[in-house]
Amino acid sequence: MIKLRNIDRYIDKRLQRNFILKGIDLDIEEGDFVSIMGPSGAGKSTLLNIIGFLDDANEGEYYFLDEPVHSLNERQKSEYHRSYIGFVFQAYHLIDELTVYENIEMPLLYRKVKGSQRKSMVADMLDRFNIVAKKDLFPNQLSGGQQQLVGVARALIGSPKLILADEPTGNLHSDQSKEIMETFKKLNKEDGVTIIQVTHSDEMASYGDRVINLQDGAVTENNPYEEE
Amino acid sequence: MFRNYIKIALRNLKKDKGYTLINLIGLSMGIGVCLIIFIFLQFHLSFDSFNKKAANIYRVTTSEQGPDGDFRSTGSMEGALAQTLLDEIPEVRASVRASRYGKTLITIGNENFYEENILRTDPSLFDIFTFPFSQGDPKTALSDKSNIVLTKSVAQKYFREQNPIGQEIVFNERNRYIVTGIVEDPPAQSHINFSMVINIPDSLSGRSIMDWNWLRSFHTYVLLDEQASPNDVEAKIPSILEGKMALGNAEFHLQSLTDIHLKSDLGWELFPERIFSINYIYLFSIVGIFILLIACINYVNLATARATTRLKEVGVRKAAGAQQGNLFWQFTGEILLLTFTSAVFSLGLVELLLPYVNKLMDLQLSSIVIWSPLFITGFISFIFLIGIISGTYPAFILSSFKPAEIFKGNGKLLTSEGLRKGLVVFQFSVSMILIISTIIIDQQLTYFQDKNLGLNTEQVLNISLESTKTRELGNVFLEKLANHSNIESVSASGDLPGNSGTTLYLYPFEDQELPMPARYMSIDPQFIKTMEMELIAGTNLTIPNTKSEQISVIVNETVVKEMGWKPDEAINQRLDRFVIIGVVKDFHFESLEQEIRPAVMAPLGDANPDYISARLSPSNISETMDWIRKEWDTVADSYPLQFTFMDDTFESLYRSEERLGILFTVFCIITIIIACLGLFGLMAFMATKRTKEIGIRKVLGASIVDIVTLLSKDFIKLVVLGFVIAIPIAWYATNQWLADFAYRIEVSVDIFAFTGISAILISFFTISWQAIKSALSNPVESLKSE
């Protein structure tokens, strides 16, 4: 599904070039549940953003579903982005001015889904995450775990093939974290959704079936657990 | 999608009430002022266009070199010109003459009134111009010399419920007229204004009006064929008149009817109060645009400054699949919502304020124009344009952030800092230019009022003896006034300072052809005393006992100067046909816009006076006035008393400048309010953004003064820079305006210093409220939130 070849991401400072990612080669198959791990500043989030079309690599090739992303234009990228990818953030990133219902509905608006269909899709999602009663509340009226559930629901509403989660449980206590991870696992197993998460926690990484270790912008270990 | 945008726009606007309010107030005021200026401009720009044939109506004017070498344009034509043009030039379909009959005594039944704005014209007036009749037939209404047509309001005033048609009106107790028609009042947008219309007589003083080369007193209008070119017609005129009249070096022009109101340069207009300077049209357009720009700048500044608070939303929406275009339109939608709401408020504002504007400016502006479908369409596009102008940049900035950078927390948040500073500088430059201009206009007007006129106009009552009968009674009445204890001095004269007056061309130099144009006034010996003029050489006039061939006159200093004499040397000198016996210190007899010209005052002799001037003692003026009215009634019977106070007459010379001054003051205040609103909003925002910094500084021991200085410093710098830019522009602009006045103030450094200091103070007060609030806040609170 995802094929990265020799991906470089750098920032040019006055005299030197600071590499955030250097020479990344990575293959991720459809149905994988991958955890990206590594110390702060290793380039985990940057890698996730590049995979999710939110950032561009400076060098290298990126194939998404065998499509060369590096040579797509903005509109085409946006099309892929909309149809295949859902994001979950550490800080939830719900829009404060929108209700739970409206936050979940938002991606559908950019996909130009019809009103009646939107309604049933959002209702479905609310039902699935047991947050029907909270649909008219605003994000600041919810607990962190509930907010992240809304975040996940929002990521799933467009039925993406790929979910990118940047430390989805970083701000949550352990019970809430487990709930979110269980949800991911279920999605991965039952619906075949590919999941790539960035995490610092071995416990969270253990929900997945593959771990990629990043160090100073390079992949140091691919699947350390499998080799054990 | 659209509904979602509206929803989030509304919630955002509701959430940040201060921001919304600042923009709403600023934009409503800006758009409101623009609308009022638009109505004002529309009023002036569409003058005379109510005439159905306006496009083909022209006024004939000539420009001619006067004996003093200056070119003068005039619209006063010979009586026979209109008919000659009609007969000889095929393109001329109709022609009409018009002249204004001075203030006239009219008698209806047993009652006397004075009526102004009586128009003497030809029956073709109603064919060429569009003055619809409500009673009578326009074709026959003026068919006889004894016919008179009244306007509806005048008919109502004199005849009330009676049918005016067939009623008799007597002019000057001599000429009898029968009312044959009633027309609608001429619109406020007509350069021809009248209350009554009569025919031009065939002859005056026993000589036919149609004789060439003796009387030039008719404004002449022609109606051309639709296909005719005015230039061609213009070119034909001299050859047609060849041999009929002395052409001299006169050039003939056809002035388009719709050009008259704004572009007339004639020395004398039929209705000078209906003429306006196109320069003011430009001036008001510029001021309107600037006020609107300042309001738009507030939005741009606040929206870009606030962009930081919207970044997360941008990131999330982009992550959810939004393209830059989607976001651009979302943010542009927000400003459109704001501008359209402001537009609705501004329409209300116009309805509310227009009556005051009319009162202030003595105009009859109507908001009807802004409810026409054409205007509404234009207005909507205009509002859309404002939204786009002020919304595009912030929307572009906001929508162009990369989500990856936003989430990393290092988005370039202050990209528009430089632009924002520039715009604040611009706002304050414009505000200060307006303040300086306003102060200078005001000082110039005060200067006019306070300037030593060379005569004392306070408490001088001028009684105008309008009709032959009252003129005959003038001396009798003068005797009565002279004996009243509250009247200090009384005099009679044939003219007064402040009136338009008569100009004589004197030829004082024996060896030169060059004339000296001089104002001529006939006065009695008490005149100098009553006006409190100062005789600096020679003696006052005496009542001449014999009719000598030489006329003894008093001249003003300017005459003496132009002749190259000293005042004392002038005594007993000849001046054309006069002998100088006295010299008075220069006095102003015209507006201070004009330089003092030579003036010659000759004895009134035993001629009947046109004016009686009385200097009243300052105490009991109203009692004295009551007594004067009573005495007038016993002497003059049913003739109404016509009087003015001389200081009013002089003040009225500057009325248009005074109105300009008031309007500028209003604009100035509005601009300052809008600019300060913006500054206030920016400051509030900056203070919130620096809450943490302020907290840390306070914990480390910064005092309140330190914090206020820290927050205010940057903004005050911008205001100072704005001031520096404003100085040369304001200097140039005000000097241009002042150049029109012969007597003017010096633009002093004080004004600039005052403006600079007050602008800095105003802006300091505006921002210090926020600054002090943040400085006083508890650092524990602000640091806890992190």
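Criteria and thresholds
- Residues numbered from 1 in each chain as written.
- Chains lettered and ligands numbered in written order.
- Predicted model: local features only at pLDDT ≥ 70, side-chain atom pairs only at ≥ 80, totals over all residues.
- Heavy atoms only, no water.
- Helix = DSSP H or I, 4+ residues; strand = E, 2+ residues; numbered from the N terminus.
- Buried < 20%, exposed > 50% of the residue type's maximum accessible area, 1.4 Å probe, protein only.
- Contact = heavy atoms within 4.5 Å.
- Areas by Shrake-Rupley, 256 points an atom, 1.4 Å probe, with all protein chains shown as cover.
- Lys, Arg positive; Asp, Glu negative; His and termini not counted.
- Charge placed at Lys NZ, Arg CZ, Asp CG, Glu CD.
- Rg over C-alpha atoms; globule rule 2.2 N^0.38 Å.
- Core = buried A, V, L, I, M, F, W, Y, C linked by side-chain atoms within 4.5 Å.
- Pairing = 2+ DSSP bridges.
- Buried area = accessible area lost by both parts, 1.4 Å probe.
- Salt bridge = Lys/Arg side-chain N within 4 Å of Asp/Glu carboxyl O.
- Nonpolar A, V, L, I, M, F, W, Y, C, P; charged D, E, K, R; others polar.
- Disulfide = S-S within 2.5 Å.
- Phe/Tyr/Trp six-rings, centres within 6.5 Å; stacked < 30°, edge-to-face > 60°.
- Lys NZ or Arg CZ within 6 Å of the ring centre and 35° of its normal.
- Polar contact = N/O pair within 3.5 Å; in protein donor to acceptor, adjacent residues only side chain to side chain.
- Axes fitted to C-alpha atoms, helices over the stretch in contact; angles between N-to-C directions.
- Parallel < 35°, antiparallel > 145°, perpendicular 65-115°, else oblique.
- Left-handed = near helix turned anticlockwise from the far one by under 90°.
- Expected span 1.5 Å × (residues − 1).
- Bend = angle between axes of the 7 residues up to and from the residue.
- Arc of directions from axis to C-beta.

Peer 1: Would you mind going over the overall build of chain B with me for this structure?
Peer 2: Each helix and strand in chain B was counted, giving 23 helices and 27 strands. The C-alpha extent of chain B, read off along each of the three principal axes, is 105 × 65 × 55 Å. Residues classed as buried in chain B amount to 52% of the 786 residues present. Residue pairs in contact within chain B that sit at least 24 positions apart in sequence constitute 80% of those at least 6 positions apart. With an accessible surface of roughly 35700 Å², chain B has 56% of that area assigned to carbon and sulfur atoms. If you average the places of the 67 positive and of the 83 negative side-chain charges in chain B, the two averages end up 16 Å apart.

Peer 1: Even after reading the chapter, I still don't get the overall build of chain A, so can you show me in this structure?
Peer 2: The helix and strand tally for chain A stands at 8 helices and 10 strands. Expected size for 228 residues packed as a compact globule is a radius of gyration near 17 Å; at 18 Å, chain A falls within 12% of this value. By principal-axis analysis of the C-alpha atoms, chain A measures approximately 55 × 40 × 35 Å. The buried share of chain A, taken over its 228 residues, is 54%. Partitioning the intrachain contacts of chain A with sequence separation of at least 6 by distance along the chain shows that 68% fall at a separation of at least 24. Of the side chains in chain A, 26 bear a positive and 37 a negative charge, and the two mean positions are spaced by 6 Å.

Peer 1: I tried to follow the nonpolar core on my own but got confused; where do I start?
Peer 2: Note on soluble globular proteins: their nonpolar side chains tend to be buried together. By size, the foremost hydrophobic cluster in this structure holds 124 residues, and its most contacted members are B:Phe284, B:Met533 and B:Met601. Sorting elements by how many residues they give to this core places helix H19 (residues 655-689) of chain B first, with 16 residues. In this structure, B:Phe284 is in contact with B:Ile37, B:Phe40, B:Leu41, B:Leu660, B:Leu663 and B:Phe667, ignoring residues within four places of it in sequence. Among the nonpolar cores identified, the runner-up in size contains 33 residues, and A:Val122, A:Met125, A:Phe129 and A:Ile157 belong to it.

Peer 1: What is the right way to read the pairing of strand S15 (residues 216-224) of chain B from this model?
Peer 2: Residue and element names in this part refer to chain B. Burial runs high along S15: 7 of the 9 residues are buried. Summarising the sheet, strand S1 (residues 57-65) and S15 pair through 4 bridges and their orientation is antiparallel. Counted as the bridge partner of Ile57 is Leu223 from S15. Sheet topology note: the strand S3 (residues 76-78)/S15 ladder contains 3 bridges and is antiparallel. In the strand pairing of S15, Met77 is matched with Phe218.

Peer 1: In this structure, what is going on with the interface of chain B and chain A? I would like to understand it.
Peer 2: Reports of interface size often rely on the accessible area that becomes lost once the parts have come together. Every contact between the two is made by 26 residues of chain B and, on the other side, 26 residues of chain A. For the pair chain B and chain A, the summed buried surface comes to about 2400 Å²; carbon and sulfur atoms form 55% of the total. The tally of links from chain B across to chain A stands at 2 salt bridges. A salt bridge links B:Arg11 to A:Glu102, with the nearest nitrogen and oxygen atoms 2.5 Å apart. Sorting elements by how many residues they give to the side of chain B that touches chain A places helix H1 (residues 2-15) of chain B first, with 7 residues. Grouping the amino acids of the side of chain B that touches chain A by side-chain chemistry returns 11 nonpolar, 6 polar and 9 charged.

Peer 1: Teacher, can you tell me more about the state of the cysteines here?
Peer 2: A covalent bond between the sulfur atoms of two cysteines is referred to as a disulfide. Residues and elements named next belong to chain B. Scanning the model with the defined rule gives 0 disulfides over all chains in all. Left without a disulfide partner, Cys34 is nearest to the cysteine sulfur of Cys296, which lies 8.7 Å away. Cys676 carries a free sulfur, and the closest cysteine sulfur to it, the one in Cys668, is 11 Å from it. Classification of Cys676 as buried rests on a relative accessible area of 10%.

Peer 1: Would you explain the pattern of salt bridges in this entry?
Peer 2: A side chain of one charge can pair with a side chain of the opposite charge when the charged atoms of the two come close. All names here are of chain B. On inspection of all chains with the given rule, the structure shows 35 salt bridges over all chains. With its nearest N and O atoms 3.0 Å apart, the salt bridge here joins Arg59 to Glu269. You can see Arg59 sitting in strand S1 and its partner Glu269 sitting in the loop between helix H7 (260-263) and helix H8 (278-319), a full 210 residues away along the chain. For the pair Arg59 and Glu269, a shared accessibility class is recorded, and that class is buried. A single network of salt bridges, built from pairs that share partners, joins Arg310, Glu313, Arg317 and Glu334.

Peer 1: Mind showing me how you'd approach unusual backbone geometry here?
Peer 2: As a rule of thumb, non-glycine residues mostly have phi less than zero, and peptide bonds are mostly trans rather than cis. Even without being a glycine, A:Asn6 presents a positive backbone phi close to 55°. Relative to the elements of secondary structure, A:Asn6 occurs in strand S1 (residues 2-12). Positive phi outside glycine occurs at B:Gln459, with the angle close to 55°. Summarising the element assignment, B:Gln459 is placed in the loop between helix H12 (417-450) and strand S17 (460-464). Under the relative-accessibility criterion, B:Gln459 is labelled partly exposed at 26%.

Peer 1: Whenever I open this one, the sheet that holds strand S5 (residues 67-68) of chain A confuses me. Can you help?
Peer 2: Strand pairs in the sheet, formed through backbone hydrogen bonds, run parallel or antiparallel to each other. All names here are of chain A. In space, the 4 strands of this open sheet follow the order S2-S1-S4-S5, with antiparallel pairing throughout. Each edge of the open sheet carries a strand with a single partner, namely strand S2 (17-28) and S5. Pairing analysis gives 8 bridges linking S1 to S2, with the strands arranged antiparallel. Across the sheet, the residue bridging to Tyr10 is Phe19, located in S2.

Peer 1: In this structure, what is going on with the packing of aromatic side chains? I would like to understand it.
Peer 2: The tally for this structure, following the rule as stated, stands at 33 aromatic pairs over all chains. On the basis of an interplanar angle of 65° and a centroid distance of 4.9 Å, the ring pair of B:Trp737 and B:Phe741 is categorised as edge-to-face. Just as B:Trp737 is buried, B:Phe741 falls in that class too. Connected via pairs of aromatic rings, a cluster forms that spans A:Phe53, A:Tyr62, A:Phe64, A:Tyr80 and A:Tyr84. Above the plane of the ring of A:Tyr10 lies A:Arg17, whose end atom (NZ or CZ) is 3.8 Å from the centre. The lysine or arginine in question, A:Lys22, covers the ring of A:Phe19, its NZ or CZ lying 4.3 Å from the ring centre.

Peer 1: Looking at this structure, how should I read the environment of A:Glu61?
Peer 2: Residues and elements named next belong to chain A. Positionally, Glu61 belongs in strand S4 (residues 59-64). Along the sequence, Glu61 and Asp8 sit 53 residues apart, while their C-alpha atoms lie 9.4 Å from each other. Those residues within four positions of Glu61 in sequence are excluded, and the remaining contacts are Lys3, Leu4, Arg5, Ile7 and His70. A polar contact is formed between the side chain of Glu61 and the side chain of Tyr63, at a distance of 3.2 Å.

Peer 1: How should the packing of H12(B) against H19(B) be read in this particular structure?
Peer 2: Residues and elements named next belong to chain B. At a minimum axis separation of 9 Å, H12 and H19 run at an interaxial angle of 155°. The angle between the axes of H12 and H19 places the two elements in the roughly antiparallel class. Like other packed secondary-structure pairs, H12 and H19 cross with a definite hand, here left-handed. Across the contact of H12 with H19, the residue classes break down as 15 nonpolar, 8 polar and 4 charged.

Peer 1: Before we go on, may I ask you to explain the environment of B:Thr503 in this structure?
Peer 2: All names here are of chain B. With respect to the helices, strands and loops of the structure, Thr503 is situated in strand S19 (residues 502-506). Taking the C-alpha atoms as reference points, Thr503 and Asn193, 310 residues apart in sequence, are found 26 Å from one another. Residues in contact with Thr503, not counting those within four places in the same chain, are Pro517, Ala518 and Arg597.

Peer 1: Would you mind showing me how to read helix H13 (residues 468-482) of chain B here?
Peer 2: With 15 residues, H13(B) should cover 21 Å at 1.5 Å per step; its first-to-last C-alpha distance of 22 Å lies within 8% of that length. Largest kink in H13(B): about 45°, centred on B:Gly474.

Peer 1: Explanation requested: helix H5 (residues 152-159) of chain B in the structure shown.
Peer 2: Counting along an α-helix, one turn takes 3.6 residues, and residues three or four places apart therefore face a common direction. Residues and elements named next belong to chain B. Of all the positions in H5, only Val154, Ala155, Tyr158 and Phe159 are classed as buried. Seen end-on, H5 carries its buried residues on one side only, within an arc spanning 100°. Where H5 is buried, its residues touch strand S5 (104-108), strand S6 (111-115), strand S9 (147-151), strand S10 (168-171), strand S11 (175-183) and strand S12 (196-199). Looking one or two places after H5, you find Arg160, whose phi comes out positive at around 40°.

Peer 1: Looking at this structure, how should I read the environment of B:Arg690?
Peer 2: Residue and element names in this part refer to chain B. By secondary structure assignment, the location of Arg690 is in the loop between H19 and helix H20 (691-699). Linking Arg690 and Ser774, residues 84 residues apart in sequence, is a C-alpha distance of 9.0 Å. Leaving out residues up to four positions away in the same chain, Arg690 has contacts with Leu710, Leu711 and Asp714.

Peer 1: Explanation requested: the packing of H12(B) against helix H22 (residues 749-776) of chain B in the structure shown.
Peer 2: To characterise two packed helices, one gives the angle between the axes of the helices and the distance between these axes. Residue and element names in this part refer to chain B. Relative orientation of the contacting elements H12 and H22 amounts to 135°, with a least axis distance of 10 Å. Accordingly, the angle class assigned to the pair H12 and H22 is oblique. The interaxial crossing formed by H12 with H22 has right-handed handedness. Residues Phe428, Met432, Ile435, Ile436, Ile439, Ile440 and Gln443 of H12 form the contact with H22, whose own contacting residues are Ile751, Phe752, Phe754, Thr755, Gly756, Ala759 and Ser763. Across the contact of H12 with H22, the residue classes break down as 10 nonpolar, 4 polar and no charged.

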